[in-house]
Amino acid sequence: MAKLRIRVSTGEACGAGTWDKVSVSIVGTQGESPPLPLDHLGKEFTAGAEEDFEVMLPQDVGPVLLLRVHKAPPALPRPLGPLAPDAWFCRWFQLEPPLGVPLRFPCYQWLEQAGDLLLREGAAKVSWADHHPTLQRQRQEELQAKQEMYCWKTYIPGWPHCLDQMTAKDLNRNVKYSVVKNTKFYMKGSSAVAELKIKGLLDRTGLWRSLREMKRMFNFRKSPAAEYVFEHWQEDTFFASQFLNGLNPVLIHRCRNLPKNFPVTDDMVAPVLGPGTSLQAELEKGSLFLVDHGILSGVHTNVINGRPQFSAAPMTLLYQRPGHGPLLPLAIQLSQTPGPNSPIFLPTDDKWDWLLAKTWVRNAEFSVHEALTHLLHAHLLPEVFTLATLRQLPHCHPLFKLLIPHTRYTLYINTLARELLIAPGQVVDRSTGLGIGGFSELIQRNMEQLSYSDLCLPEDIRARGVEDIPDYYYRDDGMQIWGAVERFVSEIVSIYYPSDASVQDDQELQAWVREIFSMGFLGRESSGVPSSLYTQEALVQYVTMVIFTCSAKHSAISAGQFDSCVWMPNLPPTMQLPPPTSKGQARPEGFIATLPPVNATCDVIIALWLLSQEPGDKRPLGTYPDEHFIEEAPQRSIAAFQSRLAQISRDIRERNQSLALPYTYLDPSLIENSVSI
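Computed from a predicted structure; not experimentally measured.

Reading the values: the criteria
- Residues numbered from 1 in each chain as written.
- Predicted model: local features only at pLDDT ≥ 70, side-chain atom pairs only at ≥ 80, totals over all residues.
- Heavy atoms only, no water.
- Core = buried A, V, L, I, M, F, W, Y, C linked by side-chain atoms within 4.5 Å.
- Buried < 20%, exposed > 50% of the residue type's maximum accessible area, 1.4 Å probe, protein only.
- Helix = DSSP H or I, 4+ residues; strand = E, 2+ residues; numbered from the N terminus.
- Contact = heavy atoms within 4.5 Å.
- Pairing = 2+ DSSP bridges.
- Axes fitted to C-alpha atoms, helices over the stretch in contact; angles between N-to-C directions.
- Phe/Tyr/Trp six-rings, centres within 6.5 Å; stacked < 30°, edge-to-face > 60°.
- Polar contact = N/O pair within 3.5 Å; in protein donor to acceptor, adjacent residues only side chain to side chain.

**Considerations on the nonpolar core**
Reasoning step 1: Counting residues in hydrophobic clusters, the biggest one holds 164 residues, and the most contacted among them are I252, L399 and W512.
Reasoning step 2: Tallying contributions element by element places helix α8 (residues 351-392) first for this core, with 21 residues.
Reasoning step 3: When near neighbours in sequence (up to four residues on either side) are disregarded, I252 contacts F243, L244, F289, L290, V291, L318, L327, R464, V466, I469 and Y472.
Reasoning step 4: Among the nonpolar cores identified, the runner-up in size contains 24 residues, and V8, V55, C107 and L119 belong to it.

**Observations concerning unusual backbone geometry**
Reasoning step 1: Within the chain, F45 stands out as a residue other than glycine whose phi angle is a positive 60°.
Reasoning step 2: Looking at where F45 falls in the secondary structure, it is placed in the loop between β4 (36-37) and β5 (50-57).
Reasoning step 3: Owing to a relative accessible area of 0%, F45 belongs among the buried residues under this scheme.
Reasoning step 4: Residue Y108 is not a glycine yet carries a positive backbone phi of 50°.
Reasoning step 5: Looking at where Y108 falls in the secondary structure, it is placed in strand β8 (residues 103-111).

**Structural notes on the sheet that holds strand β12 (residues 253-254)**
Reasoning step 1: Here we have five strands laid out as an open sheet, ordered β12-β13-β16-β17-β18, and antiparallel in their pairing. Either end of the sheet is taken by a strand with one partner, and the two such strands are β12 and β18 (344-345).
Reasoning step 2: In terms of strand pairing, strand β13 (residues 288-292) meets strand β16 (residues 315-320) through five bridges, oriented antiparallel. From the neighbouring strand, L288 faces β16, where its bridge partner is Y319.
Reasoning step 3: Relative to strand β17 (residues 327-333), helix α5 (residues 236-245) is tilted by about 90°, and along the sheet it contacts β13, β16 and β17.
Reasoning step 4: On the sheet, α8 packs against β16, β17 and β18 and is oriented at approximately 90° with respect to β17.

**Quick look at the packing of aromatic side chains**
Reasoning step 1: For the structure on display, the rule yields 24 aromatic pairs.
Reasoning step 2: Note on F89 and W110: the rings are 5.4 Å apart at their centroids and 65° apart in plane angle, and the pair reads as edge-to-face. Here the residue F89 occupies a position in strand β7 (residues 88-96), and W110 occupies one in strand β8, the gap between them amounting to 21 residues.
Reasoning step 3: Ring plane angle 20° and centroid distance 5.8 Å describe the contact between Y496 and F629, whose orientation is recorded as stacked. Placement of Y496 in helix α15 (residues 473-496) and of F629 in the loop between α21 (598-612) and α22 (632-656) is noted, with a sequence separation of 133 residues between them.
Reasoning step 4: Its relative accessible area of 9% is what places Y496 among the buried residues.

**Describing the sheet that holds β8**
Reasoning step 1: Pairing within the open sheet is antiparallel, and its four strands lie in the order β5-β1-β7-β8. The open sheet has two edge strands with one neighbour each: β5 and β8. Within the sheet, the average angular offset between the axes of one strand and its neighbour, ignoring direction, is 25°.

**So, the side chain of R475**
Reasoning step 1: Tracing the backbone through its elements, the reader meets R475 in helix α15.
Reasoning step 2: The class of R475 is buried, set by a relative accessible area of 8%.
Reasoning step 3: There is a polar contact of 2.7 Å between the side chain of R475 and the backbone oxygen of V466.
Reasoning step 4: Contact partners of R475, with chain neighbours within four places excluded, come to I461, V466, E467, D468 and I469.

Interpretation in functional terms is not warranted from these geometric data alone.
Next comes the structure, spelled out in structure tokens:
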């Protein structure tokens, strides 16, 4: 008989402790011990506790392979009665033999109800023991159980596949919001709804009476950034700057040749370009840029309050002045088909003509951003990464350990979105110009165009030709973060994959990549998304893309939604009159009549307010309180990664001190590790 010390750590979250009884069996190369009760006087396994237990091992089981955890109700009724919750969040076990090195068994899971859980020692590096039949069988059983728990379904044809679960309340507790986060989320939403109902705005189906009346809505939870939007929304320089640093900074690209269906002439733009130059000269210099919302052409539109809504597919030409001058709009065409009914609007036009044209562009930005940049790229794809990680990588896999912090709460928030945002009768359906039908059509179209380079920031920046456009803080900060993530991932990969052959031979890794390709990108080879990985370099890029998309990319295009939309004319979610077909007709009253009705405005603003801020329980990028990696080498890499992110944060804050509108959406200290809101 041998005396062992077992140390157990319980999570700190609300409800993490349990009244249930816990015992462990030690599985070794020579057999398995009987259950060894973890019991002493008083209450065990309280939230935040680390407790030591001494147990007697009745026989030698050989070198330890696994720890089998048994959890069962106590013999006596719990103080709260037999129906009281008995879930337990276990952080880790540590087995300390009389001789030898302590063995840490990471868990970081909720154990609900009674049952068993097998844990492996935490070292992710491949060792002789990995080939032991007991471990191989455990690995296969773990993956089979996870694949039965987390299943795929088709939500809408042509979309990435998603989790097969109808409601968020039915999810496994390991992917649900914490009690604190869930409570704050619903309290925040309820308070916003109540406030706007009391003001008589949320249920009012008519038009806004004036821009002045809209300011009542603007006072709803406004921020300094929102104040700036309100003060500058009509200015051409601010309009153009939002293509760089607003909520959809991924469309602008350098224009070397004017599209044939956008017949801008020298005479049109001479007042902005000035003397001594021409469109062709500026095209050759590379000083012209284009934002094309052509994907909106002919898209399905919605009906709100019984009225049909309208959409446009504009093209916007922009000019970067020499030196460090501001980016300026040169011309806007509101359709993809030029002609007498599709005039090209110019800064020299009547004030209301030009403002209305810019507002149509901002409405197009809302539609493309919410359906594609936000929903598809920053929610549906991260859900694919999350599901494939849970289904194809066992807990002991180094990539599981690396990626699992970047999947936190993603399944929950996306399932909730399918209940409360993109379901029939919910926000998208009742208050946006495209509705569910239009959103679905856009996603299906974009899935046919989406490429791997779109998801990899350095390649995307090069492909759009925007490497040197000044004051592009999304690019500057994003590239800094991409570089930090890439270096961190490279260090982790080099620890566990010493050669290209080790990447090729990892069947679990290959299954993970293959499932993302087939379920997320629908097996479309033309996307350039890999279905297998053959080199360390390819693995580093792929994992960097996944982490960046689930953290920094989501922050950049989500955190600013409320700032951009709370002054609704800057980002109208729908338009109630068709695009103008001639100039000289726009008037203030017609401008107001084109904008969304009061109830739709409030509905969308409440949703974007909720989606722009984490409701507590935050974990900023690079924060890893769950210690899945127990070896020194990855822990050193994590510390170095955190140090690099802290320096990036300091640099961003120093730069922002000199900006009239600070760009904060890619400050690492404000970026969440995962898509969790």
